[in-house]
Amino acid sequence: MSGSSAAETVRVRLVKAGREKIAYPARLLHDDGTRVAVRAAWAGADVRDFGFVRFEPGDVFTEYYWRDRWYAVKEVRAGDGTLKGWYCDVTRPVVRDSAGLVSEDLDLDLWVSGDGAEVIRLDEDEFAASGLAGRDPGAARAATRALDDLESLARGAGLATLLAAA
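Keep in mind it's a predicted model, so treat the numbers as computed, not measured.

1. As for the overall build of the chain
Part 1 of the reasoning: In terms of helices and strands, the chain carries four helices and eleven strands.
Part 2 of the reasoning: On C-alpha atoms alone, the chain measures out to a radius of gyration of 15 Å, which is about the 15 Å that the 2.2 N^0.38 rule sets for 166 residues.
Part 3 of the reasoning: Each of the three principal axes of the chain carries a C-alpha extent, and together these read 40 × 35 × 30 Å.
Part 4 of the reasoning: The proportion of buried residues among the 166 residues of the chain is 42%.
Part 5 of the reasoning: Counting only contacts in the chain whose residues sit at least 6 apart along the sequence, the fraction spanning at least 24 positions is 45%.

This is the structure in structure tokens:
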């Protein structure tokens, strides 16, 4: 499903533990067969305040998914275009089918502030409690490696390079 029209709208489904967390329409920006990029408005109905960032109506997410990597990176901008930062989800490699994109959340996350000064590992307790290590040790190892890779990219200014690569 590569070489798709940039005007195409796709449905993004985020699933966790076999259940759909949220689904929303997004504009397809790019699909080269390995990396998929989409843009969507904040899909939540209300403000979500994490303490270190607020996601709110009007925010725009440019989301990058890979078919060969265990993460997704979401660039978050306020409605006025100001960069808030990057929310990185550790996920199984994305699947794109006739219904859209499916991204399976594996609990681990990383936040990188827009100025790069803050790099915060998130939800490691949820990951440990999920039982993935017992059910699927290979996936658990891939997930922890992906979080380490994302943190290394963020601390080395490689995140912008990763996203700029076409």
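Picking up where we left off.
2. Some thoughts on the layout of surface pockets
The gaps of empty space that remain are located by a probe, the size of a water molecule, rolled over the atoms.
Part 1 of the reasoning: When its volume is computed, the largest pocket comes out at roughly 570 Å³.
Part 2 of the reasoning: Around the largest pocket, the lining is made up of 26 residues, and of these Leu14, Lys21, Trp42, Arg48 and Tyr87 lie nearest the centre.
Part 3 of the reasoning: Elements that contribute at least two residues to the lining of the largest pocket include exactly strand S1 (9-16), strand S2 (19-31), strand S3 (35-41), strand S6 (60-66), strand S8 (83-91) and strand S10 (100-113).
Part 4 of the reasoning: The dominant element in the lining of the largest pocket, judged by the number of residues it contributes, is S10, at four residues.

3. Comments concerning helix H3 (residues 137-155)
Part 1 of the reasoning: Given a rise of 1.5 Å per residue, 19 residues ought to cover 27 Å, and the 27 Å separating the end C-alpha atoms of H3 matches this to within 8%.
Part 2 of the reasoning: Along H3, the positions that sit buried rather than exposed are Ala139, Ala140, Ala142, Ala143, Ala146, Leu147, Leu150, Glu151 and Ala154.

4. Things to note about the packing of aromatic side chains
Part 1 of the reasoning: Tallying each qualifying case throughout the model produces eleven aromatic pairs.
Part 2 of the reasoning: For the pair tryptophan 66 and tyrosine 71, a centre-to-centre distance of 5.3 Å together with 65° between the ring planes defines the contact as edge-to-face. With respect to class, tryptophan 66 is no different from tyrosine 71; both count as buried.

5. Observations concerning the pairing of S8
Part 1 of the reasoning: The buried count for S8 comes to eight of nine residues, which makes it a mostly enclosed element.
Part 2 of the reasoning: Sheet topology note: the strand S7 (residues 71-77)/S8 ladder contains seven bridges and is antiparallel. For lysine 74, the partnering residue across the bridge sits in S8 and is tyrosine 87.
Part 3 of the reasoning: Where S7 folds back onto S8 in an antiparallel hairpin, the turn is made up of five residues, including glycine 81, whose phi is positive at roughly 95°.
Part 4 of the reasoning: Both S8 and S10 contribute to a ladder of six bridges, which runs antiparallel. Opposite tyrosine 87, over in S10, you have tryptophan 111 as the bridge partner.

Criteria and cut-off values
Residues numbered from 1 in each chain as written. Predicted model: local features only at pLDDT ≥ 70, side-chain atom pairs only at ≥ 80, totals over all residues. Heavy atoms only, no water. Helix = DSSP H or I, 4+ residues; strand = E, 2+ residues; numbered from the N terminus. Rg over C-alpha atoms; globule rule 2.2 N^0.38 Å. Buried < 20%, exposed > 50% of the residue type's maximum accessible area, 1.4 Å probe, protein only. Contact = heavy atoms within 4.5 Å. 1 Å grid on protein atoms, 1.4 Å probe; cavity = no way out; pocket = protein on both sides within 12 Å on 5 of 7 lines; lining within 4 Å. Points joined across faces, edges and corners; volume = space filled by probe spheres on them. Expected span 1.5 Å × (residues − 1). Phe/Tyr/Trp six-rings, centres within 6.5 Å; stacked < 30°, edge-to-face > 60°. Pairing = 2+ DSSP bridges.

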